[in-house]
There are 2 protein chains.
Amino acid sequence: MTKATILLAHGSSDANWLAPFETLTAQIQAGLNGENLMLGYMELAEPTLETCVRRLATEGVKDIDVLPLFFAAGRHLRKDVPQMIDELIQELSTNGHTINIRLSAPVGLEPEVANAIASIVTRKVKHHDSQQ
Amino acid sequence: MTKATILLAHGSSDANWLAPFETLTAQIQAGLNGENLMLGYMELAEPTLETCVRRLATEGVKDIDVLPLFFAAGRHLRKDVPQMIDELIQELSTNGHTINIRLSAPVGLEPEVANAIASIVTRKVKHHDSQQ
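Procedures and definitions
Residues numbered from 1 in each chain as written. Chains lettered and ligands numbered in written order. Predicted model: local features only at pLDDT ≥ 70, side-chain atom pairs only at ≥ 80, totals over all residues. Heavy atoms only, no water. Phe/Tyr/Trp six-rings, centres within 6.5 Å; stacked < 30°, edge-to-face > 60°. Helix = DSSP H or I, 4+ residues; strand = E, 2+ residues; numbered from the N terminus. Buried < 20%, exposed > 50% of the residue type's maximum accessible area, 1.4 Å probe, protein only. Pairing = 2+ DSSP bridges. Right-handed = clockwise from strand over helix to strand, strands pointing away. Contact = heavy atoms within 4.5 Å. Buried area = accessible area lost by both parts, 1.4 Å probe. Salt bridge = Lys/Arg side-chain N within 4 Å of Asp/Glu carboxyl O. Axes fitted to C-alpha atoms, helices over the stretch in contact; angles between N-to-C directions. Parallel < 35°, antiparallel > 145°, perpendicular 65-115°, else oblique. Nonpolar A, V, L, I, M, F, W, Y, C, P; charged D, E, K, R; others polar. Least-squares fit on C-alpha atoms with pLDDT ≥ 70 in both.

**Considerations on the packing of aromatic side chains**
For the coordinates displayed, the defined rule picks out five aromatic pairs over all chains. Seen from their ring centres, Phe71 of chain A and Phe21 of chain B are 5.9 Å apart, and the 65° between their planes marks the pair as edge-to-face. One end of the pair, Phe71 of chain A, is in the loop between strand S3 (63-68) and helix H3 (75-94); the other, Phe21 of chain B, is in helix H1 (residues 15-30), on a second chain. On the basis of relative accessibility, which here comes to 3%, the residue Phe21 of chain B falls in the buried class. On the numbers, 4.4 Å between centres and 35° between planes, the contact of Trp17 of chain B with Phe21 of chain B is tilted. On the criterion of helical spacing, the pair formed by Trp17 of chain B and Phe21 of chain B is a turn pair, its members being four residues apart in helix H1. For the residue pair Trp17 of chain B and Phe21 of chain B, the accessibility class agrees, reading buried in each case. Put simply, the rings of Trp17, Phe21 and Phe71 of chain A together with Trp17, Phe21 and Phe71 of chain B touch in pairs and so form one group of aromatic residues.

**Details of the pairing of strand S2 (residues 37-41) of chain A**
Residue and element names in this part refer to chain A. Along S2, five of the five residues are buried, which leaves the element largely enclosed by surrounding structure. Neither face of S2 is open: one carries Leu37, Leu39 and Tyr41, the other Met38 and Gly40, and all of them are buried. Direction of pairing for strand S1 (residues 3-9) relative to S2: parallel, over a ladder of five bridges. Bridged to Thr5 within S2 is Leu37. Crossover connection from S1 via helix H1 (residues 15-30) to parallel S2: handedness right-handed.

**Things to note about the interface of chain B and chain A**
On the chain A side, the residues contacting the 51 residues of chain B number 51 residues. When the two sides are added together, the surface that chain B and chain A hide from each other amounts to roughly 4500 Å², 64% of it contributed by carbon and sulfur. On the chain B side of the contact with chain A, Lys3, Phe71 and His128 of chain B bury the most area, a combined 16% of that side's loss. Here chain B and chain A share ten salt bridges between them. A salt bridge links Arg123 of chain A to Glu112 of chain B; its shortest N-O distance comes to 3.1 Å. Put simply, the parts of the chain that give the side of chain B that touches chain A at least two residues each are strand S1 (3-9), H1, strand S3 (63-68), helix H3 (75-94) and helix H4 (111-130) of chain B. For the side of chain B that touches chain A, the leading source of residues is H4 of chain B, giving 17 residues.

**Focus on unusual backbone geometry**
All names here are of chain A. In the segment running from Glu46 into Pro47, the intervening peptide bond is cis, with an omega of -5°. A positive phi angle is found at Leu44, which is not glycine, with a value near 70°. By the element assignment, Leu44 lies in the loop between S2 and helix H2 (49-58). For Leu44, a relative accessible area of 57% gives the class exposed.

**A look at the packing of helix H4 (residues 111-130) of chain A against H4 of chain B**
At a minimum axis separation of 9 Å, H4 of chain A and H4 of chain B run at an interaxial angle of 175°. One element, H4 of chain A, and the other, H4 of chain B, form an angle in the roughly antiparallel class. Side by side, H4 of chain A and H4 of chain B meet where Glu112, Val113, Ala116, Ile117, Ser119, Ile120 and Arg123 of chain A of the first sit next to Glu112, Val113, Ala116, Ile117, Ser119, Ile120 and Arg123 of chain B of the second. Of the residues belonging to the contact of H4 of chain A with H4 of chain B, the class tally is eight nonpolar, two polar and four charged.

**Focus: the relation of the copies chain B and chain A**
The transformation that overlays chain B on chain A combines an axial shift of 0.0 Å with a rotation of 180°, and the residual RMSD is 0.0 Å. Look at the turn and shift together and you get a two-fold axis relating the two. Proximity to the rotation axis, assessed at the C-alpha, singles out Val113 of chain B in chain B; its C-alpha lies 3.0 Å from the axis.

**Topic: the pairing of strand S4 (residues 100-103) of chain A**
All names here are of chain A. In this structure, S3 lies alongside S4, joined through four bridges in parallel fashion. Looking at the pairing, Asp65 lines up with Arg102 of S4. Read as a crossover between parallel neighbours, the route from S3 over H3 to S4 is right-handed.

**So, the pattern of salt bridges**
Inspection of the entire model under this criterion finds 16 salt bridges over all chains. Of the charged contacts, one joins Lys124 of chain B and Glu110 of chain A as a salt bridge, the two residues approaching to 3.3 Å between their closest N and O atoms. Placement of Lys124 of chain B in helix H4 and of Glu110 of chain A in the loop between S4 and H4 is noted, with the two residues assigned to different chains.

As C-alpha cells, this is what we get:
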C-alpha cells in the first residue's frame, strides 16, 4: 500500500486521555477494508506523528493524509504541526524516501461534529433546567 | 433564573482556535428558549470559567452545570478543573453565595460525537485511497 492516513491527536501523559482515541481508532479500523490507518500523537505520548510517518515511509508509503482529531486549528495545527511535517519530509528525502504529507482541517470543524455537539448540549441544558 | 450551563473549552491565545467555539455556542443559544448558556475557557482566553461562575453567582444563579467541550478527560478535567471548581465554591461561599457546580463528562465521550468522527474519518480515508 502506498497510501495511509494518520489520525493526529494532541497527546497527553495521562492514559485516561489517550484511551478514547485508541477505542475510536479501533472502531474506525473495524469498518475499513484494510486501508492503512494509524493513530499518532503530536506530543506527550507514543507513537508520535514522527514515529508514524517514519514507520510508514519504511513500509513504502508515499502519500499520507494527516487528519487532526482537534476541535479547532490554533497554533499547534497552524504552526507546530506544519513545521514537524516539513522537517519530516526533508529528513525522509535525505534518506531516499520521497513522501507527500497533507495536513487536513481538524475534524471538529466538520458540520457533523458541530451538529452532534449542539444536539448533546441542547439536550443536557434542557434536562438540567427541567430538574428540581 | 437560578440555573445555568457553562460550556467549558480549553482556551488558547489564538483567536482562530476560539472562533469555532464561539460560533458553536451562538448556534446552540439560537435553538434554546432563553436557558442560561455561557462559553468559558479553562485558560489562556476570556471569559475564564472563574469569570463565568462569579458573574452567574452575582446574577443569583445557584446551580451550574459545566459541560466540557473536550474529547477526553485527562489531567485538566480530572484534577485542574475540579480544583478550580472547589476553590470557586469556597470563595463564593465566603461571599455569601451558596452555589452547586457539577462537572459533566466531556462531550467527546458521547457516542454521537464519536460516531460523527468515525463517519467523517471513514469517508476521508476511502476518498484518499481512491484518489490517483
